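Geometric and topological summary
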Amino acid sequence: MNTRVALLLTSGILLGGAANVQAAMPDSATLHKNPSCDCCDEYAKHLEARGVEVEIVESQDFSSIKLEAGVPYGYGSCHTAMLGDYVIEGHVPLAAIDKLLAEHPDVDGIGLAGMPQGSPGMPGFKQTSFEIISFVEQKASSFMTL
């Protein structure tokens, strides 16, 4: 009986912790994208599935958006999202966003360079690990690997 109670308590603590991480997700985001890019719309749906209201802003001028957001050169993707106090560059999985919001590091944002197959919003199956970077003032550091 004691083992069962301990398991129930542990499960409750873990589930409570997971709920707290999800509760940290901001209510809204702004996603800057090219008007002809459909995968960006799919990524917006990925965020919306977690209760985030996404405003999509279509633009052809990505270089100034990424420069202002602090995205390092060579680490860009097809869209840039502003989520709370952070920039989310590209098709970043929710697990990385959850970690960012739970830890609140002193960074401008996180990103997943390019448009990797199997990442949120991109078709196909995941082929390699996703190397998520964090960045501050256009300088990249490793954040996590998924």
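Residues numbered from 1 in each chain as written. Predicted model: local features only at pLDDT ≥ 70, side-chain atom pairs only at ≥ 80, totals over all residues. Heavy atoms only, no water.

An unreviewed UniProt entry lists the protein chain under the name Metal-binding protein, with Modicisalibacter xianhensis as the source organism.

1. Some words on the nonpolar core
Convention followed: We define the nonpolar core as a collection of buried residues of types Ala, Val, Leu, Ile, Met, Phe, Trp, Tyr and Cys that are connected through side-chain atoms lying within 4.5 Å of one another. The buried label applies to any residue whose accessible area, calculated with a 1.4 Å probe on protein chains only, is under 20% of its type's maximum; exposed applies above 50%, and partly exposed to all values in between. The secondary structure listing takes helices from DSSP runs of H or I that are at least 4 residues long and strands from runs of E that are at least 2 residues long, numbered from the N terminus.
Core analysis: the largest hydrophobic core is formed by 30 residues, its most contacted members being I88, V92, I97, I110 and I132. Listing elements by their share of this core, those giving two or more residues are β1 (28–33), α2 (38–48), β3 (79–83), β4 (86–90), α4 (94–103), β5 (109–112) and β7 (139–145). Judged by nonpolar contacts, the second largest core, of 5 residues, contains A69, V87, I133 and F135.

2. Considering the pairing of β5
The line we're drawing: Crossover handedness is defined by viewing with both strands directed away from the observer: a clockwise path from the first strand over the helix to the second marks the crossover as right-handed. When DSSP locates at least two bridges between a pair of strands, those strands are taken to pair.
Taking every second residue as pointing to the same face, both faces of β5 are buried, with G109 and G111 on one and I110 and L112 on the other. After leaving β4, the chain enters α4 and then returns to the sheet as β5, a path that is left-handed. Bridge count between β5 and strand β6 (residues 131–136): 3 bridges; the pairing is antiparallel. Along β6, the bridge assignment pairs G111 with I133.

3. Quick word on the layout of surface pockets
Convention followed: The definitions used throughout rest on a 1 Å grid laid over the protein atoms alone, on which a cavity is an enclosed set of points accommodating a 1.4 Å probe that cannot get out and a pocket is an open set flanked by protein within 12 Å on both sides along at least five of seven lines; lining residues are those having an atom within 4 Å of a point. Grid points are joined across faces, edges and corners, and a volume is the space filled by probe spheres set on the points.
Its volume calculated, the largest pocket comes out at about 160 Å³. In terms of lining residues, the largest pocket is bounded by F62, S63, K66, L67, V71, P72, Y73, G74, G76 and Q138.

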